[in-house]
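Now for the letters of each chain:
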Amino acid sequence: MGLLDVILGRSKPVRPDLDQLFALPSAAITLQAGAGFTPTGIGAVCFARVEGGAFAELRKEVRDLLDADTDRGGVPVEFSQDAYDYTWLLARHPADDTASLVNDLHAVNTLLQDAGFGPHLLCSLIGFREAAGQRVLALVYLYKRGTFYPFAPLPDGTQRRDNALELEIRALLTTDLRIEPDLTRWFPVWGAPGLDAGA
């Protein structure tokens, strides 16, 4: 970082650290023990829409990699577009196999990054559901920040968040995950696959 950056208040961008994703299985145990939320077995990677042959080939490569176990009962990955025109890749695993889900999310992020599509990556998330209630929650990894934050939509179907729950989860997971300190970067991920109450 140069002197001009210091004078103008610019900070050096944080390099993505995809290995932070491997802390999620431990965080899932803490979340279950401390707040009663269990993994749903659903995870997703979100990226800005990309056109072109190179990306189409990469998308096929991702599908081939993650669908390799479908002949042994694995669930095929799904691609979808949300209302904001972002692309979501949805992966499913048994709810008690968070490690395999995280491996898939890490593989997708790594493939996109190594192919030069890192600037298009936005976030990854894994879903949780309250064991004794209707609330859902996601732990969201911000690719460009290398940090996590909780996202807890209210279960009433409105686009409102349970801010108290999000702050509770932040306090619970500070030793497990690198939590995003800037609350203005805790972006809502409305329409993220796997976060509706019936998922």
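Preceding this paragraph is the structure being described.
Residues numbered from 1 in each chain as written. Predicted model: local features only at pLDDT ≥ 70, side-chain atom pairs only at ≥ 80, totals over all residues. Heavy atoms only, no water.

Asks: In this structure, what is going on with the overall build of the chain? I would like to understand it.
Replies: Tallying secondary structure elements over the chain gives 5 helices and 6 strands in all. Starting at the N terminus and ending at the C terminus, the chain contains elements arranged as α-α-β-α-β-β-α-β-β-β-α. Burial statistics for the chain: of 199 residues in total, 44% are counted as buried. Long-range pairs, those at least 24 residues apart, make up 66% of the contacts in the chain between residues at least 6 apart in sequence. With the model as given, the accessible surface of the chain reaches about 10100 Å², and the carbon-plus-sulfur share is 54%. (Helix = DSSP H or I, 4+ residues; strand = E, 2+ residues; numbered from the N terminus. Buried < 20%, exposed > 50% of the residue type's maximum accessible area, 1.4 Å probe, protein only. Contact = heavy atoms within 4.5 Å. Areas by Shrake-Rupley, 256 points an atom, 1.4 Å probe, with all protein chains shown as cover.)

Asks: I keep staring at the environment of Leu-65 and nothing clicks. Help me out?
Replies: Secondary-structure assignment places Leu-65 in helix 3 (residues 53–66). Taking C-alpha positions, Leu-65 is 8.7 Å from Ala-107, a pair spaced 42 residues apart along the chain. Apart from the residues within four sequence positions on either side, Leu-65 is in contact with Ala-107 and Leu-111.

Asks: Please clarify how the pairing of strand 2 (residues 78–81) should be interpreted in this entry.
Replies: Consecutive side chains of a regular strand alternate in pointing toward one face of the sheet and then the other. By the bridge criterion, 4 bridges tie strand 2 to strand 3 (residues 86–92) in an arrangement that is antiparallel. What sits directly across from Glu-78, in strand 3, is Leu-90. Between strand 2 and strand 3, which pair antiparallel one after the other, the connecting turn spans 4 residues, and Asp-85 there sits at a positive phi close to 70°. (Pairing = 2+ DSSP bridges.)

Asks: Got a minute to help me understand the packing of helix 2 (residues 24–35) against helix 5 (residues 163–172) in this structure?
Replies: The angle between the axes and the distance between the axes are what describe a pair of packed helices. Where helix 2 contacts helix 5, the axes come no closer than 10 Å and their chain directions differ by 120°. One finds that helix 2 runs oblique with respect to helix 5. Where helix 2 crosses over helix 5, the two elements pack in a sense that is right-handed. From helix 2, Thr-30, Leu-31, Gly-34 and Ala-35 reach across to helix 5, where they touch Glu-168, Ile-169 and Leu-172. Grouping the amino acids of the contact of helix 2 with helix 5 by side-chain chemistry returns 4 nonpolar, 2 polar and 1 charged. (Axes fitted to C-alpha atoms, helices over the stretch in contact; angles between N-to-C directions. Parallel < 35°, antiparallel > 145°, perpendicular 65-115°, else oblique. Left-handed = near helix turned anticlockwise from the far one by under 90°. Nonpolar A, V, L, I, M, F, W, Y, C, P; charged D, E, K, R; others polar.)

Asks: Looking at this structure, how should I read the pattern of salt bridges?
Replies: When the charged atoms of two side chains with opposite charge come close together, those side chains can pair. Counted under the stated rule, the structure contains 8 salt bridges. Among the salt bridges present, the one from Arg-135 reaches Glu-130, with a minimum N-O distance of 2.8 Å. The partner of Asp-156 in a salt bridge is Arg-160, with the nearest N and O atoms 2.5 Å apart. Each of Glu-130, Arg-135 and Asp-162 takes part in salt bridges that share partners, so that together they form one network. (Salt bridge = Lys/Arg side-chain N within 4 Å of Asp/Glu carboxyl O.)

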